[in-house]
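# Descriptive analysis of the structure
Given next are the chains, with one letter for each unit.
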Amino acid sequence: MDVFNVIEKRYSVRSYANKDIPDKDLRKILESARLAPSAGNRQEWRFIVVKDKDIRAKLCEAAKEQVFVSEAPVVIACCAETDNHMMTCGQLCYPIDVAVAIDHMALVATELGIGSCWIGAFHEDKVKKILNIPDEIRVVELLCLGYAADEKPHEKNRLSLKKIVKYEKWG
Ligand SMILES: Cc1cc2nc3c(=O)[nH]c(=O)nc-3n(C[C@H](O)[C@H](O)[C@H](O)COP(=O)(O)O)c2cc1C
């Protein structure tokens, strides 16, 4: 699959089969995060790979009972060890850099036939408590990974290029 095919194929999987991800595939997914670009190459991302069933069940609770969070054989807490550095443009580096790394992981997972879903609907304080994460570390997103239980053609519901792209000037 070329990159564009992978991008087209990826969708948010919200129902997972009871099947483990091979270690070598998980390693490749994590390696794709490690190789991601980051502002000033700061690499503030840190990842906690959770496979333990009981911990996943607790994360599901912290993620507003989104049931598939406990179904997914792997949940990655995508964190940042950050000094809140801001780019000249006024944006914080860490949420952007962690997001880029997550997208790498989701795309490589797709290429390997592994589904994923980003989770932003979670209580950070609860996740920190469950995973013993120190106060100064931020939890940016959770990423569910696993084989889709309900693989089906997925329609992309997106705005048109006409709506989102302007050329040369805003107006
Ligand atoms: C930053 C971010 C946070 C998200 N949080 C959640 C979430 O908490 N629960 C969920 O089911 N999906 C979540 N999603 C998935 C989006 O709903 C999904 O990407 C979007 O609807 C487009 O659908 P697709 O991924 O299937 O193409 C999140 C996606 C992103 C990028």
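Description of the structure in this document. (Residues numbered from 1 in each chain as written. Predicted model: local features only at pLDDT ≥ 70, side-chain atom pairs only at ≥ 80, totals over all residues. Heavy atoms only, no water.)

This paragraph deals with the overall build of the chain. Helix and strand counts for the chain come out as seven helices and four strands. Computed over its C-alpha atoms, the radius of gyration of the chain comes to 17 Å, within 12% of the 16 Å expected for a compact globule of 171 residues. With the C-alpha coordinates aligned to their principal axes, the bounding extent of the chain is approximately 50 × 40 × 30 Å. By the burial criterion, 40% of the 171 residues in the chain qualify as buried. Relative to all contacts within the chain whose residues are 6 or more apart in sequence, the contacts with residues 24 or more apart total 77%. (Helix = DSSP H or I, 4+ residues; strand = E, 2+ residues; numbered from the N terminus. Rg over C-alpha atoms; globule rule 2.2 N^0.38 Å. Buried < 20%, exposed > 50% of the residue type's maximum accessible area, 1.4 Å probe, protein only. Contact = heavy atoms within 4.5 Å.)

Take the side chain of serine 38 next. Of note, serine 38 is situated in the loop between α2 (23-34) and β1 (45-50). Residue class for serine 38 comes out buried when judged on its relative accessible area of 14%. In contact with serine 38, not counting residues within four places along its chain, are Gln43, Trp45 and Asp97.

A few words on the packing of helix α3 (residues 53-62) against helix α6 (residues 124-131). Where α3 contacts α6, the two axes come as close as 9 Å, and the packing angle between them is 165°. Relative to α6, the element α3 is oriented roughly antiparallel. In the packing of α3 onto α6, the handedness of the crossing is right-handed. On the side of α3, the interface is formed by Ile55, Lys58, Leu59 and Ala62, while α6 contributes Lys126, Val127, Ile130 and Leu131. (Axes fitted to C-alpha atoms, helices over the stretch in contact; angles between N-to-C directions. Parallel < 35°, antiparallel > 145°, perpendicular 65-115°, else oblique. Left-handed = near helix turned anticlockwise from the far one by under 90°.)

Take the site of the ligand next. Near the ligand, the surroundings consist of 15 residues, among which Arg10, Ser12, Arg14, Gln66 and Arg158 are the closest. In this structure, serine 12 approaches the ligand through a side-chain N or O atom, which is 2.6 Å from an oxygen atom. In this structure, an oxygen atom belonging to the ligand sits 2.8 Å away from a side-chain N or O atom of arginine 158. When the ligand is considered free in solution it has 620 Å² of accessible area, and contact with the protein chains removes 65% of it. At three residues, the largest contribution of residues to the shell around the ligand is made by strand β3 (residues 115-119). (Near = heavy atom within 4 Å. Polar contact = N/O pair within 3.5 Å; in protein donor to acceptor, adjacent residues only side chain to side chain. Areas by Shrake-Rupley, 256 points an atom, 1.4 Å probe, with all protein chains shown as cover.)

Right, let's get into the pattern of salt bridges. Using the criterion set out here, one finds seven salt bridges in the structure. Here arginine 34 ties to glutamate 31 by a salt bridge, and the two come within 2.7 Å at their closest N and O atoms. With a gap of three residues between them, arginine 34 and glutamate 31 both fall in helix α2, about one helical turn apart. We note a salt bridge from glutamate 44 to arginine 42, for which the minimum N-O separation is 3.5 Å. (Salt bridge = Lys/Arg side-chain N within 4 Å of Asp/Glu carboxyl O.)

Quick look at the pairing of β3 now. Along β3, four of the five residues are buried, which leaves the element largely enclosed by surrounding structure. One ladder, built from five bridges, connects β3 with strand β4 (residues 137-146); its direction is antiparallel. Opposite tryptophan 118, over in β4, you have leucine 143 as the bridge partner. (Pairing = 2+ DSSP bridges.)

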